[in-house]
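Read off the chains here:
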Protein chains: 2
Amino acid sequence: MKQQLIFTNDVGGALDRLVAELRPSSVYVVADSNTARLVVPRLASASEAVAGAKTVEVAAGDTNKNLESLAALWSFFNTSGATRSSLVINVGGGMVTDMGGFAAATFKRGMRFVNVPTTLLSAVDASVGGKTGINFNGCKNEVGVFAESEAAVISTVFFDTLSREEMLSGYAEMLKHGLLEDRRTFAGLLDYHPEADGDRLLDLLRASVGVKERIVSADLHEHGLRKALNLGHTAGHAFESFAMTVRQLPVPHGYAVAWGMVVELVLSKMLLGFPSDLLHSYAAYVRENYGVFDITCRDYPALLSAMSHDKKNDRSDRINFSLLADAGDVRGDSVVDSETIKAAFDIYCDLMGI
Amino acid sequence: MKQQLIFTNDVGGALDRLVAELRPSSVYVVADSNTARLVVPRLASASEAVAGAKTVEVAAGDTNKNLESLAALWSFFNTSGATRSSLVINVGGGMVTDMGGFAAATFKRGMRFVNVPTTLLSAVDASVGGKTGINFNGCKNEVGVFAESEAAVISTVFFDTLSREEMLSGYAEMLKHGLLEDRRTFAGLLDYHPEADGDRLLDLLRASVGVKERIVSADLHEHGLRKALNLGHTAGHAFESFAMTVRQLPVPHGYAVAWGMVVELVLSKMLLGFPSDLLHSYAAYVRENYGVFDITCRDYPALLSAMSHDKKNDRSDRINFSLLADAGDVRGDSVVDSETIKAAFDIYCDLMGI
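These numbers come from a predicted model, not from an experiment. (Residues numbered from 1 in each chain as written. Chains lettered and ligands numbered in written order. Predicted model: local features only at pLDDT ≥ 70, side-chain atom pairs only at ≥ 80, totals over all residues. Heavy atoms only, no water.)

Asker: Got a sec to walk through the sheet that holds strand S1 (residues 4–7) of chain B? Specific residues and values, please.
Answerer: Residues and elements named next belong to chain B. Across the sheet, which stays open at both edges, the six strands sit in the order S1-S8-S5-S4-S2-S3 with parallel pairing between neighbours. Every interior strand has two partners, whereas the edge strands, S1 and strand S3 (54–58), have only one. Going across the sheet, the axis of each strand differs from the next one's by a mean of 20°, ignoring polarity. Here five bridges tie strand S2 (residues 27–32) to S3, and the two strands are oriented parallel to one another. Bridging from a neighbouring strand, Ala 31 pairs with Glu 57 of S3. Its contacts with the sheet put helix H1 (residues 11–22) on S1, S2, strand S4 (87–92), strand S5 (112–117) and strand S8 (151–154), and the angle it makes with S5 is roughly 170°. On top of the sheet, helix H6 (residues 94–106) reaches S2, S3, S4 and S5; it is set at about 165° to S4, its chief contact. (Pairing = 2+ DSSP bridges. Helix = DSSP H or I, 4+ residues; strand = E, 2+ residues; numbered from the N terminus. Axes fitted to C-alpha atoms, helices over the stretch in contact; angles between N-to-C directions. Contact = heavy atoms within 4.5 Å.)

So, in structure tokens, the structure goes:
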């Protein structure tokens, strides 16, 4: 993996050192309307590179991670003289790092880019691992490329502006990494609440990114091992797109993953004997912190249909999951039929008290 | 280089063997309005894979290699159930292989694709080497990625529908490959006219693609060696975009490259002592077969400005060329100032009899 992971609360200093090392012909900052206001000025006062950069702003929110915003980025690069040796610094959550990374990776067939995640979710997930892209035709991340950033500069300094909801959204991915690692790591995460002690969070974050990094570096293009990282995401994406398109009440990505992991741990128990005690303590943690995503059996067909559009399926007529035989024991590519998934939804409803 | 190069006039059979080997979940054919009418039916009668494929058509012509056509391809893939294990077969000239390759390489972060070049130019150039992309904001190939096809199936069977202009346009790239190889290869090409003996063309074509393949496989991402392939293209792209945007009389890409190589061989002689006899015999061949691209000194500023937008420049304030000390002796990255380039334009006018 060529991507450097830099854990520091001196983000400005780290960026200046990176620019000195990479020697770009010019520097661009991509931010959304929130980070352009709240974060970029803080970075500019701490970093000469950011102070001297051209900043391009996109409207905040995942619905703006679309073709129009992407074309606006390309257009800004084109008209302001960006070259293939320019450097793009993406400052924001996953929406900014996904789309800014895709814009950079495709402009003149590839400029370099650096990610500065400003949310817990993007620090632990989107900013690391080389997935870039945009939503298209109502499908999440339907268009994109695998392209690694030169570096991700990861800190907790920007988390003071995050809501409880945003913190929990990021924490869901950390719970996933804990499940992929081992029982002890997972139990430690269930013992912690992300609003609590900030110092302990930085340590948990570093460990969590380490889990993802090891998996990604072994499998950049998602041929096999990396599918482990999809845990919770097949059901999670279905909840997320169902909430957005059918109910028109979007839910945070991390919440959808937290609920999706309940469904997929149920499948893991049904098909691979995943331990009941872990399933029940996880479901209790989710219910207590994330609340419940309400579904009834009348929603199952729409949820199944949303799953079959998920890009992680090899063939559009089957549904693949990454499931667990135990914490730390991933079995990729379980093909599950729709009757079994419906049964898992029933148990999900039961565990969630629906 | 993972890309297979298959030279055969049994294109249908080659495609069926590729599909049997790659085992895609579904097969797509991308064609333009001409090849959809003239070539795809011929292929469908010779190939089960093509006969069973979903065909998506884009409007012919380089001006349609744009964001709208790209979005239409993504949309077709999205609504027709394409998955990451689908296969795209691009049937056409460089416009189709560039844009179809980019659409495939970015849909769900990457489907596989195969190129079936139907023009001499795309057989010898665009279909081989992994450059994909579209034009954007009036700039050629401004957006794209490096992504290799699984295979290019190269034949001469479709050339019977090409005009003299299209044949000569492709032949310009072969002349370039000859210059990059050695004196003997180059002299052999100057002794041949592409409308002449078809069998000899297939041999010359195989040799010519071999030159490109060796260079590309040593340097997929254009860090160094591959810049040799830019010979003629810095001045050529300037002629091409000047013709399109200022004169609004587009010229064929290959013609622009043929003229651009005259300018760049003049620079090669001025700066690196490229032999006069080769320059003069090449200029005579171009004048005789390609005619003359008329310019006057009043056009120089616009041509220089078009060059500085070329993506091959590391910094927007300097102009880089790949020049030759002799046939087969490339020196990449010559930085040339605008006064020297103007002097080369003067000599170009002289050689062309302007």
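Asker: Account for the pattern of salt bridges, naming residues and giving values.
Answerer: Evaluation of the coordinates by the stated rule reveals 28 salt bridges over all chains. Note that Asp 160 of chain A and Arg 42 of chain A form a salt bridge whose closest N and O atoms lie 3.8 Å from each other. One end of the pair, Asp 160 of chain A, is in the loop between strand S8 (151–154) and helix H8 (164–181); the other, Arg 42 of chain A, is in helix H3 (residues 40–46), and 118 residues separate them in sequence. Accessibility expressed as a relative area gives 58% for Asp 160 of chain A, which makes it exposed. Using a relative accessible area of 36% as the deciding quantity, one classes Arg 42 of chain A as partly exposed. Among the ionic pairs, Lys 342 of chain B bridges to Glu 339 of chain B, the shortest N-O distance being 3.5 Å. (Salt bridge = Lys/Arg side-chain N within 4 Å of Asp/Glu carboxyl O. Buried < 20%, exposed > 50% of the residue type's maximum accessible area, 1.4 Å probe, protein only.)

Asker: Kindly report on helix H11 (residues 233–246) of chain A, identifying the contributing residues and their values.
Answerer: Residues and elements named next belong to chain A. Helix length check: H11 (14 residues) gives 18 Å between terminal C-alpha atoms against 20 Å at 1.5 Å per residue, within 8%. In terms of burial, H11 is largely enclosed, as eleven of its 14 residues are buried. Turning to H11, its buried residues are His 233, Thr 234, Ala 235, Gly 236, His 237, Ala 238, Phe 239, Glu 240, Ser 241, Phe 242 and Ala 243. Among the residues trailing H11, Gln 248 stands out with phi positive, at a value near 55°. (Expected span 1.5 Å × (residues − 1).)

Asker: Which residues make up the packing of helix H8 (residues 164–181) of chain B against helix H12 (residues 253–272) of chain B, and what values do they have?
Answerer: All names here are of chain B. Contact pair H8 / H12: the axes reach a minimum separation of 7 Å and the direction vectors enclose 35°. Note on packing geometry: the crossing formed by H8 with H12 is left-handed. Every residue of H12 that contacts H8 at Glu 165, Leu 168, Ser 169, Ala 172, Glu 173, Leu 175, Lys 176 and Leu 179 is listed here: His 253, Gly 254, Tyr 255, Val 257, Ala 258, Met 261 and Leu 265. Looking at the contact of H8 with H12 residue by residue, the classes come out as nine nonpolar, three polar and three charged. (Left-handed = near helix turned anticlockwise from the far one by under 90°. Nonpolar A, V, L, I, M, F, W, Y, C, P; charged D, E, K, R; others polar.)

Asker: Could you give an account of the packing of helix H5 (residues 67–79) of chain A against helix H6 (residues 94–106) of chain A, with specific residues and numbers?
Answerer: Residue and element names in this part refer to chain A. It is the contact of H5 with H6, at a shortest axis distance of 10 Å, that shows an interaxial angle of 50°. Here H6 runs oblique to H5, going by the angle between their axes. H6 is crossed by H5, and the crossing has right-handed handedness. Where H5 approaches H6, its residues Ser 69, Leu 70, Leu 73, Trp 74 and Phe 77 are matched on the opposing element by Met 99, Gly 100, Phe 102, Ala 103, Ala 104 and Thr 106. (Parallel < 35°, antiparallel > 145°, perpendicular 65-115°, else oblique.)

Asker: Could you give an account of a nonpolar patch on the surface, naming the residues involved and the relevant values?
Answerer: Nonpolar side chains collect at one region of the surface, where Met 270, Leu 271 and Ile 347 of chain A lie side by side and expose about 240 Å² of accessible area between them. On the basis of relative accessible area, Leu 271 of chain A is assigned to the partly exposed category, the value being 43%. (Patch = residues over 30% accessible without salt bridge, like charges linked within 9 Å, V, L, I, M, F, W, Y side chains within 5 Å. Areas by Shrake-Rupley, 256 points an atom, 1.4 Å probe, with all protein chains shown as cover.)

Asker: Lay out the side chain of Arg 226 of chain A with the relevant residues and their values.
Answerer: All names here are of chain A. When you line up the elements, Arg 226 lands in the loop between helix H10 (198–218) and H11. Note on Arg 226: relative accessible area 2%, which makes it buried. Here the side chain of Arg 226 touches Gly 129 through a polar contact of 2.8 Å, landing on its backbone oxygen. (Polar contact = N/O pair within 3.5 Å; in protein donor to acceptor, adjacent residues only side chain to side chain.)

Asker: Got a sec to walk through H5 of chain A? Specific residues and values, please.
Answerer: Residue and element names in this part refer to chain A. In a regular helix each residue adds 1.5 Å, so 13 residues correspond to 18 Å; H5 covers 18 Å between its end C-alpha atoms and thus fits that length. Among all positions in H5, only Leu 67, Ser 69, Leu 70, Ala 71, Leu 73, Trp 74, Phe 77 and Asn 78 are buried. Of the residues one or two after H5, Gly 81 is the one with positive phi, at around 80°.

Asker: Residues and numbers for the side chain of Thr 8 of chain A, please.
Answerer: Residue and element names in this part refer to chain A. Looking at the element boundaries, Thr 8 is found in the loop between strand S1 (4–7) and helix H1 (11–22). Looking at Thr 8, its side chain comes within polar contact range of the main-chain nitrogen of Asp 10, at 2.9 Å. Excluding its chain neighbours within four sequence positions, the residues that come into contact with Thr 8 are Ala 14, Val 153, Ile 154 and Ser 155.

Asker: Summarise the environment of Tyr 300 of chain B; cite the residues concerned and give the values.
Answerer: Residue and element names in this part refer to chain B. Looking at where Tyr 300 falls in the secondary structure, it is placed in helix H14 (residues 300–308). Taking the C-alpha atoms as reference points, Tyr 300 and Ala 104, 196 residues apart in sequence, are found 39 Å from one another. In this structure Tyr 300 touches Ile 295, Lys 342, Phe 345, Asp 346 and Cys 349, once residues within four positions along its chain are discounted.

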